[in-house]
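# Structural overview
Each chain, letter by letter, is given below.
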Amino acid sequence: MKTSIALAGILLAGSSLVSAQAINGAGATFPYPIYGKWFEEFRQKNPSIEINYQSKGSGAGIAQLTAGTVDFGASDMPMKDEQIAALKVKALHFPTVIGGVVPTFNVPGVTDLKFSQKALAGIYLGKITKWNDPLIAKANPGVKLPSTDVIVVHRADGSGTTFVFTDFLSKISPEWKAGPGSNTSIKWPVGVGQQGNEGVAGMVKQTPGAVGYVELIYALQNKMSYGAVENAAGSYVKADLDTVTAAAANAAKSMPADFRVSITNAPGKNAYPIASFTWLLIPTQIPDAQKRAALVNFLKWMLADGQKDCAALGYAPLPKQVVLQEQKQIAMIH
Amino acid sequence: MAATATAPAPSRPGSRSKGDEVAHLVTLAFAATVLLVAVLLVWNLWGASAPSRGKFGWGFLAGTNWDPNALDFGALPFIYGTVITSLLALVISIPLGVGAAIFLAELAPPGFSSACTFLVELLAAVPSVIYGLLAIFTVVPLMREYIEPALKTAFGYLPQFQGPILGVGYLTAAVVLAIMTVPYIVSISRESLLEVPRDQREAALALGATRWETTFKVVVPYARLGILGSIFLSLARALGETMAITMVVGNDTTLHASWFAPGYTIAAILANEFAEATGKMYTAALVELGLVLFLVTIVINALARLLVVATTRKGSAKAQ
């Protein structure tokens, strides 16, 4: 009995020793690598603040924010109007980084491919079933395309990556917009679903004739080859940090006040068309002064020093104008 | 058990009966917890699925569309996928598992038998994600390059063996489930075969039966209940298996007749879509799928019980 009391005492003492101000967040998995790095770096600079982040998915992040079980949320897809209406405390969207989604393929004998908008939509609608289809061949003069069946691979788990990809397809194809539409999970007209970037990449890698889509950072980290995509200006652009940043440049000039903006199929000759911001969702009212101060400090740090971490991890940093606009929005937290 | 329960009460009813009472209450509380968890589970699923039940009614079970954007949900592709992958898995794993168990219990040298049993029990403890990885890197290519093309050539006239070969799909999922469930069947069946009394074998041999006749006409029927039990346990595992299946079933919400085609199971779609599900109706439909999985499990378990009762009666009738 005595030992157990002593033990409890030690445990209590221990917990009070490490009782830094804990802030809990949940949401998107796509930015998790950089969020993890940010929260850790921030904790090292401010040992009294500990930010815990559960990368459970954008949907879960929004749901937990709505239920009030976390201090902040994170999402790869801007909140919809009805989701905002369901919030008890209004939340602010803070773009953090920009990511891209790239098409990856396994076509026997082909190392480089260009995807026109019509071809990409046709493939995912199930209308293009052979690799030597004229629509694919037209954009790839000189490439010897085999008559292999096209095997479409998509994400099976609900994902912000799927949202970005289907948001792009909805913009370039009226048929896609009217049919499958855009969301984190949709009804795919054709194809095989696999879990996560690694599932899609693995399936594409081992299946001749397969085509799939993965996050740019995943493709970069694994040194995968991926295709160029036709953008709104009609030029074929391969995703990298520069072209993804270029996609945000236009949005930066006319950013809506609430930051809810889609940058897929962005104008600009050098803009990569399948790109998106990812957002932190911060409540406008945080009653706990300590937590509020901690989150505000984190946001300020993230918009300044934090942005320098982006490139190393394969994310494109925010354009300057967006950073300035976000710094103003911080004042709305009280 | 029954004998101890009806044994006369101890002569000194003092402290001992009090202790009994406490033990009775404590164990009762534990037993009640199990029941309570089951009831709470159903209660919760029932409550959280209300929007979906209200909108789709019984049509949910027969609906074949699953469209999170149009908020139109039907469970049939998932029910079909769950049941067909589990049944196909059993078709493969029952002969394999029971055959191996008979060999290990009846024919194998003891040293070899215990070594094998150890390995089999080890297999039963392997996490399912490991089986999933094994499946992706070995079973899927094997199915795509050799087994499915061979089946297509041999049985191509049946709708189940038509269509493009992708390597992932119902059949591959069933093969992976079979690999995962064989250890259960082997392990439990072997135990129950070993529990068959020596007298039974000796009696059969004394009557002039050969070794094979003894095994198949006496030992296996005697151990029937244990073997059936192992099969039901595998079935339960197959119905609820999630990770490994998600990795190889193809995750396509369309209902396909072909076993080569990508499909979906209830557990797999819950694992895939629940975390990112937004909106009341979508979440409710997924919860209702959980309820349906619960029902499917209950129905299949009930059928299994009925089968046991039926075969037991047949056995006792024979004995008379």
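Preceding this section is the structure that the text describes.
In short, a report on the structure. (Residues numbered from 1 in each chain as written. Chains lettered and ligands numbered in written order. Predicted model: local features only at pLDDT ≥ 70, side-chain atom pairs only at ≥ 80, totals over all residues.)

The number of helices and strands found in chain A is 14 helices and 11 strands. Relative to a compact globule of 334 residues, whose C-alpha radius of gyration would be 20 Å, chain A shows 22 Å and is just as compact. Each principal axis of the C-alpha distribution contributes one length, and for chain A these read about 75 × 50 × 35 Å. The 334 residues of chain A split such that 51% are buried. By sequence separation, contacts in chain A at least 24 residues apart represent 72% of the contacts at least 6 residues apart. (Helix = DSSP H or I, 4+ residues; strand = E, 2+ residues; numbered from the N terminus. Rg over C-alpha atoms; globule rule 2.2 N^0.38 Å. Buried ≥ 20, exposed ≤ 12 C-beta atoms within 10 Å, placed from the backbone. Contact = placed C-beta atoms within 7 Å.)

Residues and elements named next belong to chain A. Non-glycine residue Phe259 carries a positive phi angle of around 65 degrees. Along the chain, the position of Phe259 falls in the loop between helix 11 (241–253) and strand 11 (275–283). Overall, Phe259 belongs to the partly exposed group, with 18 C-beta atoms counted inside 10 Å. Backbone geometry at Asn265 places phi at a positive 50 degrees, although glycine is not the residue there. Positionally, Asn265 belongs in the loop between helix 11 and strand 11.

Let us now look at the pairing of strand 4 (residues 91–106) of chain A. Residue and element names in this part refer to chain A. Most of strand 4 is tucked away, with 14 of its 16 residues classed as buried. In this structure, strand 4 lies alongside strand 11, joined through 9 bridges in antiparallel fashion. By the bridge assignment for strand 11, Gly100 is matched with Ala275. With 6 bridges joining them, strand 4 and strand 8 (residues 210–215) adopt antiparallel strand pairing. Across the sheet, residue Phe105 finds its bridge partner in strand 8, namely Val211. (Pairing = 2+ DSSP bridges.)

Our next topic: the packing of helix 7 (residues 128–155) of chain B against helix 8 (residues 170–194) of chain B. All names here are of chain B. Helix 8 packs onto helix 7 with a crossing angle of 130 degrees between their chain directions and a minimal axis gap of 9 Å. On the basis of their axis angle, the class for helix 7 and helix 8 is oblique. For the element pair helix 7 and helix 8, the recorded crossing hand is right-handed. Packed against helix 7, whose contacting residues are Ser128, Tyr131, Ala135, Val139, Val140, Met143 and Glu148, the element helix 8 presents Leu171, Thr172, Val175, Val176, Ile179 and Met180 at the interface. (Axes fitted to C-alpha atoms, helices over the stretch in contact; angles between N-to-C directions. Parallel < 35°, antiparallel > 145°, perpendicular 65-115°, else oblique. Left-handed = near helix turned anticlockwise from the far one by under 90°.)

Each side of the interface is counted separately: chain A has 29 residues, and chain B has 23 residues. Among the secondary structure elements, those contributing two or more residues to the side of chain A that touches chain B are helix 3 (58–67), strand 7 (192–194) and helix 9 (196–206) of chain A. The leading source of residues in the side of chain A that touches chain B is helix 3 of chain A, at 5 residues. Classifying every residue of the side of chain A that touches chain B by side-chain character gives 7 nonpolar, 18 polar and 4 charged. (Nonpolar A, V, L, I, M, F, W, Y, C, P; charged D, E, K, R; others polar.)

Before going further, it helps to examine the packing of helix 6 (residues 110–124) of chain B against helix 8 of chain B. Residues and elements named next belong to chain B. Where helix 6 contacts helix 8, the two axes come as close as 8 Å, and the packing angle between them is 135 degrees. When the axis of helix 6 is compared with that of helix 8, the two are oblique. Two packed elements cross with a definite hand, and for helix 6 against helix 8 that hand is left-handed. In this structure, helix 6 uses Thr117, Val120, Glu121, Leu123 and Ala124 to contact helix 8, whose residues at the interface are Pro183, Tyr184, Val186, Ser187 and Arg190.

Right, let's get into the sheet that holds strand 10 (residues 236–237) of chain A. Within a sheet, each strand pairs with its neighbour through backbone hydrogen bonds, oriented either parallel or antiparallel. In space, the 3 strands of this open sheet follow the order 5-9-10 (chain A), with mixed pairing throughout. Each end of this open sheet is capped by a strand with a single partner; those strands are strand 5 (114–115) and strand 10 of chain A.

Moving on to the sheet that holds strand 7 of chain A. All names here are of chain A. Spatial strand order, 2-1-3-11-4-8-6-7: 8 strands in an open sheet with mixed pairing. Looking at strand neighbours, the two that pair on one side only are strand 2 (49–54) and strand 7, the edges of this open sheet. The sheet shows a mean angle of 25 degrees between the axes of neighbouring strands, direction not considered.

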